[in-house]
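# Summary of structural features
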Amino acid sequence: MSTTRYQEDQIVASIQALGPALAEITEPEPPKLLWELGGRQQWVLTRHADVTALLAAPQATVRVQVPANPQGPIGEALMAIGELLGGSMLQLDPPEHTRQRKLVVRAFSARRVDALRPRIEQITAELLDELAERSGPVDLVAEYAFQVPIRVICELLGAPVDKRELFRAWSHAMTSLFADLANAPRHIGLLNDMAAYLRELVVVKRGAGAGDLLGDLAAVEVDGQRLTDAEMVAMSALLIFAGHETTTNLIALGMRALLSHPDQFELLRTRPELRNSAMEEFLRFDGPINPGLNRAITADLPVGGVVIPAGSAVYAGVSLANRDPAVFADPDRLDVTRDVGKHLGFGHGIHFCLGARLAKLEGEVAVGALIERFPGMRLAVPVQELKLRISGMRALDTLPVELS
């Protein structure tokens, strides 16, 4: 067996084994060594203190480790993701990450995000009017939770709204790639189409100047530096993926939680001032970043009473950390009045989600308007029948509800 083939077999084995191994961990516990494969250790952290320490550690890198001369589906998948997102902050460490975040953060200022509220309210009102005309069950994922953020993202990028189904297919390809290697060629083809479209869009924005978010990103300059075309493409791809996927799942999972807890539904409906805190609780209780995040260790890392050696892979169990009783009282209870300032639903450290404020604003408006418009809403199927998809993010495929 060649070295390249051996490396690829290692990666495939790790991907396939991680899910079942994590499923056996049902509550926060000390750092755990899951296995050692080819001299490389795989650890998992699930306590809140350990996960936050890892995500803030300079020894923890987000860079994807691509084998030399990768071959086969996993190698091609790694190359496709690397070419599309390799220039984004998602895959960068300091100092490159620091430089790019300084350039991008201005476009996501609190003032700019808050100024989007009237348009988000208008979008949700239009969608709710459409839902009100429907008879029988409606799918809140396809007809609402997806529609709100993708329309916002189209406007931020200055892209036609009729591209939203393409954006959805591209984003799905990104989240499904490693979980569905049998169809890797199809997913990779979609990602290549996405990259080609975004390269053309970036050229247009370079010439058009400011106006929408992408135009502003093309024009922003800090210390004489600007984003390169490759960085613009990567940032646009990240917006399409994280900017709508995260928010879609926040809305859908939040509504599932409310519909499964009628007392919390009614409390939030009658007390609109709780909408912001409810978004934080949804992120803690059952957020899109679930079950967690991957990191690679570049130097020995002391954490939780052990030393994780350089070269190890570490999985940060965010979902379990968000239910750590050492931090959150009665953590398995949904409570929209809870103070959850320490939740890890958007990550932690330098890679804390840049679009967190926008996602929470969209969720707050979308969920608030929905339960206000349809106070008698209920699930159209037993909650046990709702199918979750976990592949990069935690998502509901459908959420059928009766609106009245």
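The structure under discussion appears in the preceding block.
Notes on the structure follow. Because the structure is predicted, anything quoted here is derived from the model rather than measured.

### Here we look at the packing of helix α8 (residues 147–157) against helix α12 (residues 229–260)
The geometry of α8 relative to α12 is characterised by a closest axis approach of 9 Å and an angle of 155° between their N-to-C directions. Relative to α12, the element α8 is oriented roughly antiparallel. Here α8 and α12 pass one another in a crossing that is right-handed. Residue-level inspection shows Pro-149, Ile-150, Ile-153 and Leu-157 of α8 in contact with α12, the latter providing Ser-236, Leu-239, Ile-240, Gly-243, His-244, Thr-247, Thr-248 and Ile-251.

### Considering the layout of surface pockets
Picture a little ball the size of a water molecule; that probe, rolled over the atoms, points out where space is still empty. Put simply, the second largest pocket is a space of about 180 Å³. Residue lining of the second largest pocket: Val-141, Phe-146, Arg-168, Ala-169, His-172, His-244, Glu-245, Thr-248, Asn-249, Arg-389, Leu-396 and Asp-397, and that is the complete set. Elements with a contribution of two residues or more to the lining of the second largest pocket: α9 (164–176) and α12. The greatest single-element share of the lining of the second largest pocket, amounting to four residues, is contributed by α12. Each residue belonging to the lining of the second largest pocket can be placed in one class, and the counts come to four nonpolar, four polar and four charged.

### Thoughts on the sheet that holds strand β3 (residues 60–61)
Taken in spatial order, the five strands line up as β1-β2-β8-β5-β3 in an open sheet, and their pairing is mixed. Sheet topology places β1 (32–37) and β3 at the edges, where each strand pairs with a single neighbour. The pairing of β3 with strand β5 (residues 293–297) spans two bridges and is antiparallel. Within β5, the residue paired with Ala-60 across the bridge is Ile-297.

### Structural notes on the sheet that holds strand β4 (residues 138–139)
Read across the open sheet, the three strands follow the order β4-β12-β9; overall the sheet is antiparallel. The sheet is open, and its two borders are formed by β4 and β9 (378–379), each paired with just one other strand. In this sheet, strand β12 (residues 400–402) lies alongside β4 in antiparallel orientation, the contact comprising two bridges. The residue of β12 that forms the bridge with Val-138 is Val-401.

### Describing the side chain of His-97
Mapped onto the fold, His-97 is located in helix α4 (residues 96–104). Of the residues examined, His-97 reaches a relative accessible area of 3% and is grouped as buried.

### Description of the pairing of β5
Note: β5 against strand β8 (residues 313–316), four bridges, orientation antiparallel. Paired with Ala-296 across the strands is Ala-313, a residue of β8.

Criteria and cut-off values
- Residues numbered from 1 in each chain as written.
- Predicted model: local features only at pLDDT ≥ 70, side-chain atom pairs only at ≥ 80, totals over all residues.
- Heavy atoms only, no water.
- Axes fitted to C-alpha atoms, helices over the stretch in contact; angles between N-to-C directions.
- Helix = DSSP H or I, 4+ residues; strand = E, 2+ residues; numbered from the N terminus.
- Parallel < 35°, antiparallel > 145°, perpendicular 65-115°, else oblique.
- Left-handed = near helix turned anticlockwise from the far one by under 90°.
- Contact = heavy atoms within 4.5 Å.
- 1 Å grid on protein atoms, 1.4 Å probe; cavity = no way out; pocket = protein on both sides within 12 Å on 5 of 7 lines; lining within 4 Å.
- Points joined across faces, edges and corners; volume = space filled by probe spheres on them.
- Nonpolar A, V, L, I, M, F, W, Y, C, P; charged D, E, K, R; others polar.
- Pairing = 2+ DSSP bridges.
- Buried < 20%, exposed > 50% of the residue type's maximum accessible area, 1.4 Å probe, protein only.

Shape descriptors only; they carry no functional weight alone.
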